[in-house]
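Breakdown of the fold
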Amino acid sequence: MIYGYIRVSTDRQDCANQKLGIEAKAKSLGMCIEEYIQDNGVSGTREPESRALGGVLQQLKPGDVIICSELSRLGRKLFMIMRILEYCMQRGARLYTVKDNYELGDNIQSKVLAFAFGISAEIERDLISQRTKEALARRKLAGHPLGRIRGSRNQHYKLEPHAQYIKNQLANGTPRYKIAAKLHVAPWTLRRFIRQF
């Protein structure tokens, strides 16, 4: 199956231009687009599973081909694009782009890319782990409690920066439910906080 993938915001002209480029690329490869997949008004930051692209990826078979305008049409994040390419490789599918002139298939370029997938995933895991440990160490040094704050006291922390505002509003006779609504907390949370004054 030969798929053409198009992702656009709301620009019809861009959609038409992408389609023309995909048709030309398919022709240069001696192929003919059998089905178009189109994500209209969908951000490239959304996961493929929540886009039309995800449905096509799920049904890919060995020898299937996807042609798109450029790699950034697949996604806006590097690791997202790499996950999509890795998935295509695992399924034995090929992918071509028009503007980047990129080819994912049974060649040395794809084998190098497969190696890069493993390295980048390992680096990403290490960086996340390192950042988490550093953030926890900073909080501990600053004297902040680690872990989730339980109970209504959690909401009290949210209200503490607004203590003077609450006092002023109460002095002006503003009803408590209106103050609570303004600060996006439940009235009983505000009531408990006021008891501390």
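Residues numbered from 1 in each chain as written. Predicted model: local features only at pLDDT ≥ 70, side-chain atom pairs only at ≥ 80, totals over all residues. Heavy atoms only, no water.

**Some remarks on the pattern of salt bridges**
The final tally for this structure, using the stated rule, is one salt bridge. Glutamate 70 is the salt-bridge partner of lysine 99, the closest N and O atoms lying 3.5 Å from each other. Placement of lysine 99 in the loop between β4 (94–97) and β5 (103–104) and of glutamate 70 in the loop between β3 (65–68) and α3 (78–91) is noted, with a sequence separation of 29 residues between them. (Salt bridge = Lys/Arg side-chain N within 4 Å of Asp/Glu carboxyl O. Helix = DSSP H or I, 4+ residues; strand = E, 2+ residues; numbered from the N terminus.)

**What about the pairing of strand β1 (residues 2–8)?**
Of all seven residues in β1, seven are buried; the element is thus mostly enclosed. Residue alternation in β1 divides its side chains into two sets, Ile2, Gly4, Ile6 and Val8 and Tyr3, Tyr5 and Arg7, and both sets are buried. The sheet contact formed by β1 and β3 spans four bridges and is parallel. In the sheet register, isoleucine 2 faces β3, and the bridge partner there is valine 65. Here β1 pairs with strand β2 (residues 35–40) via six bridges, running parallel. The residue bridging tyrosine 3 from the neighbouring strand is glutamate 35, located in β2. (Buried < 20%, exposed > 50% of the residue type's maximum accessible area, 1.4 Å probe, protein only. Pairing = 2+ DSSP bridges.)

**Examining α3**
Residues three or four positions apart in an α-helix share a direction because the helix packs 3.6 residues into each turn. In this model, α3 (14 residues) spans 20 Å end to end at C-alpha, consistent with the 20 Å of a helix rising 1.5 Å per residue. Every buried residue belonging to α3 is among Met80, Ile81, Met82, Ile84, Leu85 and Cys88, and all of these are buried. Positive backbone phi, at 75°, marks glycine 92, one or two positions downstream of α3. (Expected span 1.5 Å × (residues − 1).)

**What about the nonpolar core?**
Judged by nonpolar contacts, the single largest core of 20 residues is most densely connected at Leu60, Ile66, Leu74, Leu85, Cys88 and Leu95. Elements represented by at least two residues in this core include exactly β1, α2 (52–58), β3 and α3. Per element, the largest residue contribution to this core is five residues, and it comes from α3. In this structure cysteine 88 touches Leu57, Leu60, Ile66, Ala93, Leu95 and Leu104, once residues within four positions along its chain are discounted. By size, the runner-up hydrophobic cluster in this structure holds eleven residues, among which are Cys15, Ile22, Ala26 and Tyr96. (Core = buried A, V, L, I, M, F, W, Y, C linked by side-chain atoms within 4.5 Å. Contact = heavy atoms within 4.5 Å.)

**Observations concerning the state of the cysteines**
The final tally for this structure, using the stated rule, is zero disulfides. A disulfide-free cysteine, cysteine 68 has its sulfur positioned 9.3 Å from the sulfur of cysteine 88, the nearest such atom. Overall, the relative accessible area of 0% leaves cysteine 68 in the buried class. (Disulfide = S-S within 2.5 Å.)

**A look at the sheet that holds β2**
Spatially, five strands are ordered β2-β1-β3-β4-β5 in an open sheet, and the strand pairing comes out mixed. Since the sheet does not close on itself, it has two edges, and those belong to β2 and β5, each with one partner.

**Side note on unusual backbone geometry**
The phi angle at histidine 184 is positive, at roughly 60°, despite the residue not being glycine. On the secondary structure map, histidine 184 appears in the loop between α7 (176–182) and α8 (187–194). Histidine 184 gets classed as exposed once you look at its relative accessible area, which sits at 65%.

**Quick word on a positive patch on the surface**
The grouping of Arg176, Arg191, Arg192 and Arg195 at the surface amounts to a positive patch. The exposure class assigned to arginine 192 is partly exposed, which follows from its relative accessible area of 30%. (Patch = residues over 30% accessible without salt bridge, like charges linked within 9 Å, V, L, I, M, F, W, Y side chains within 5 Å. Areas by Shrake-Rupley, 256 points an atom, 1.4 Å probe, with all protein chains shown as cover. Lys, Arg positive; Asp, Glu negative; His and termini not counted. Charge placed at Lys NZ, Arg CZ, Asp CG, Glu CD.)

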